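Residue strings, one per chain:
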Amino acid sequence: MRVMSTPSGPATAGEVFSLIRDGLVLTRSDVGRLTGLSRTAVAARLTTLLDSGLVVEGVLDEREERSAGRPASHLRFNRDAGVVLAGAIGRSRTQLGVCDLDGSVLASVDLDQAVGPAAGDLMPQVVVAFGALLHEVGRTPDDVRAVGLSIPGTVDFVRGASLDSPIMAGWDGVELAPFVRELTPAPVFVDNDANVMALSERRGHLERHRDLLFVKASTGVGVGIVSGGQVLRGAQGAAGEIGHTKVASAEGLPCRCGDAGCVEAVAAGWALVQSAQERGLQVEHIRDLVRLAVAGDPHARHLVREAGRRIGEALASAVNLLNPEAVVVGGDLAEAYDTFVAGLRESVYSQASALATRSLAIVPVTHGELSGVVGCAAMAIREVLDSAAVDRALSR
């Protein structure tokens, strides 16, 4: 199978790197067979990749060294050729991590913060914490190849700034890259929190399902849409904002977005906390309510299950429209998974079409509380290690 030749010419070094990174080739001979490149051309591209540190060459393990004959020298992606910084920024908690170039988390930390901090107050703390994490894993800012950040609400991916976030007041239009440049000149990528959490399933449900919806049910409600393995952002980056879908159960109730009747007004964490407090429950955050539900408190369990029903009402239309193979459930409410998903299933399976739900899987998030960090890393890695990005970097 010769897949890497293109109308513009033979396979580039970046394309050869992608083959190695994806495990499609192990030896120089494999590269030649798969790309059609001559031995000289293969050698030239591999020399460039070896010099960059992105690829290493050698026997795979000691058993090969002891095997009869001379073992083939194997090529592999060097996941330690740098690191990426990953930060999932939320309204009351920010999760940070340092990851290798394969997306594995090397170190992480949570920043608990005052609710709704300004970007100018929080981002300097994020940068300091990133620096401390780098020191913890024995790396320096020079080792950073990319930074991935996520924030709630609609995001301008090109500018790396919030477009519209009722949760993060004062963040709209504020570009985040300038803050991070105090630590590293590496490129900074910013996306919506549900989108990056969907990308966290690169090593998880996306290995089996190429079309899925990732439901983030937390302080706010959003959906990350993956079609054919690609995240869909929409024309203004607002794809998946189902939290502001109008539902009958929220009719007349005010939402933080300034409108009324949104599903968030009856099912988002902030609304559930208000309802819980009115019932006399001692809760300050949705995580408090979820802990009560997990412990068996009947009022908390009722609120969590009812939230699942209401979100399921909005989700059913998306299931009909997009026909995903799976719905992945994450966010704070997913910590009470059985209770929350019981309500979600009830609405989705009763209101979506029989065909769309015939083989639909509803499953828990793969990486748990680290899904935001893992997803931010996956986003950043995708942007700097795809074949075209590697070619651009090598040309410099």
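Here the structure is a predicted model, which is why all the values come from computation and not from measurement.

Caption draft 1: The pairing of strand β5 (residues 105–112), seen in detail. Of the pairings in the sheet, the one linking strand β4 (residues 93–100) to β5 comprises seven bridges and is antiparallel in character. Each residue of the ladder has a partner; that of C99, found in β5, is V105. Counted along the chain from β4 to the antiparallel partner β5, the turn is four residues long, and its residue G103 has a positive phi close to 95°.

Caption draft 2: Region of interest: the sheet that holds strand β13 (residues 326–330). With mixed pairing, the five strands of this open sheet are ordered in space as β12-β11-β10-β13-β14. One side of each edge strand has no neighbouring strand; the edge strands of this open sheet are β12 (230–232) and β14 (361–364). The average undirected angle you get between the axes of adjacent strands in this sheet is 25°. Summarising the sheet, strand β11 (residues 221–227) and β12 pair through three bridges and their orientation is antiparallel. When the sheet's bridge partners are listed, I225 is paired in β12 with L232.

Caption draft 3: Representation of the pattern of salt bridges in the model. Using the criterion set out here, one finds 22 salt bridges in the structure. Linking E57 and R28 is a salt bridge whose minimum nitrogen-to-oxygen distance equals 2.9 Å. In this pair, E57 sits in strand β1 (residues 55–58) while R28 sits in helix α2 (residues 28–35), placing the two residues 29 residues apart along the sequence. What makes E57 partly exposed here is its relative accessible area of 30%. Overall, the relative accessible area of 32% leaves R28 in the partly exposed class. Of the charged contacts in the structure, one is a salt bridge between D102 and R203, with a shortest N-O distance of 2.1 Å. Here D102 is found in the loop between β4 and β5, whereas its partner R203 is found in the loop between α7 (193–199) and β10 (212–217), with 101 residues between them in sequence.

Caption draft 4: The sheet that holds strand β6 (residues 144–151), seen in detail. The sheet built from five strands is open, its strands ordered β5-β4-β3-β6-β9 with mixed pairing. The sheet is open, and its two borders are formed by β5 and β9 (188–192), each paired with just one other strand. On average, adjacent strands in this sheet sit at an angle of 15° to one another, irrespective of strand direction.

Caption draft 5: Spatial organisation of the packing of helix α1 (residues 13–21) against helix α15 (residues 387–395). Orientation of α1 relative to α15, taken along the N-to-C sense of each, is 130°, at an axis distance of 7 Å. Relative to α15, the element α1 lies oblique. For the element pair α1 and α15, the recorded crossing hand is right-handed. Along the contact surface, α1 presents A13, G14, E15, F17 and S18, while α15 presents S387, V390, D391 and L394.

Caption draft 6: Looking closely at helix α14 (residues 371–385). Taking 1.5 Å per residue as the helical rise, α14 with its 15 residues ought to reach 21 Å, and the 20 Å between its terminal C-alpha atoms agrees with that figure. The buried count for α14 comes to 13 of 15 residues, which makes it a mostly enclosed element.

Caption draft 7: Structural detail: the state of the cysteines. Scanning the entire structure with this criterion turns up zero disulfides. No disulfide involves C99; its sulfur sits 9.0 Å from the nearest other cysteine sulfur, which is in C376. Cysteine C257 shares no disulfide, and the gap to the nearest cysteine sulfur, in C255, comes to 3.8 Å. Taking the relative accessible area as the measure of exposure, C257 reaches 34% and is therefore partly exposed.

Caption draft 8: Structural detail: the packing of aromatic side chains. The full count for this structure, using the stated rule, is one aromatic pair. Their ring planes at 80° and their centres at 5.6 Å tell us that F17 and F77 sit as a pair that is edge-to-face. With F17 in helix α1 and F77 in strand β2 (residues 74–77), this residue pair connects regions lying 60 residues apart in the sequence. When its relative accessible area of 0% is taken as the criterion, F17 is described as buried. Seen from the ring of F77, R21 lies directly overhead, with NZ or CZ sitting 5.9 Å from the centre.

Caption draft 9: Looking closely at the confidence of the model for the protein chain. The predicted model of the protein chain has a mean per-residue pLDDT of 91, with 94% of residues at 70 or higher. Predicted confidence for residues 62–67 stays below pLDDT 50, and this span has four contacts to residues more than four positions away or in other chains.

What counts and how
Residues numbered from 1 in each chain as written. Predicted model: local features only at pLDDT ≥ 70, side-chain atom pairs only at ≥ 80, totals over all residues. Heavy atoms only, no water. Pairing = 2+ DSSP bridges. Helix = DSSP H or I, 4+ residues; strand = E, 2+ residues; numbered from the N terminus. Axes fitted to C-alpha atoms, helices over the stretch in contact; angles between N-to-C directions. Salt bridge = Lys/Arg side-chain N within 4 Å of Asp/Glu carboxyl O. Buried < 20%, exposed > 50% of the residue type's maximum accessible area, 1.4 Å probe, protein only. Parallel < 35°, antiparallel > 145°, perpendicular 65-115°, else oblique. Left-handed = near helix turned anticlockwise from the far one by under 90°. Contact = heavy atoms within 4.5 Å. Expected span 1.5 Å × (residues − 1). Disulfide = S-S within 2.5 Å. Phe/Tyr/Trp six-rings, centres within 6.5 Å; stacked < 30°, edge-to-face > 60°. Lys NZ or Arg CZ within 6 Å of the ring centre and 35° of its normal. pLDDT = per-residue confidence, 0-100.

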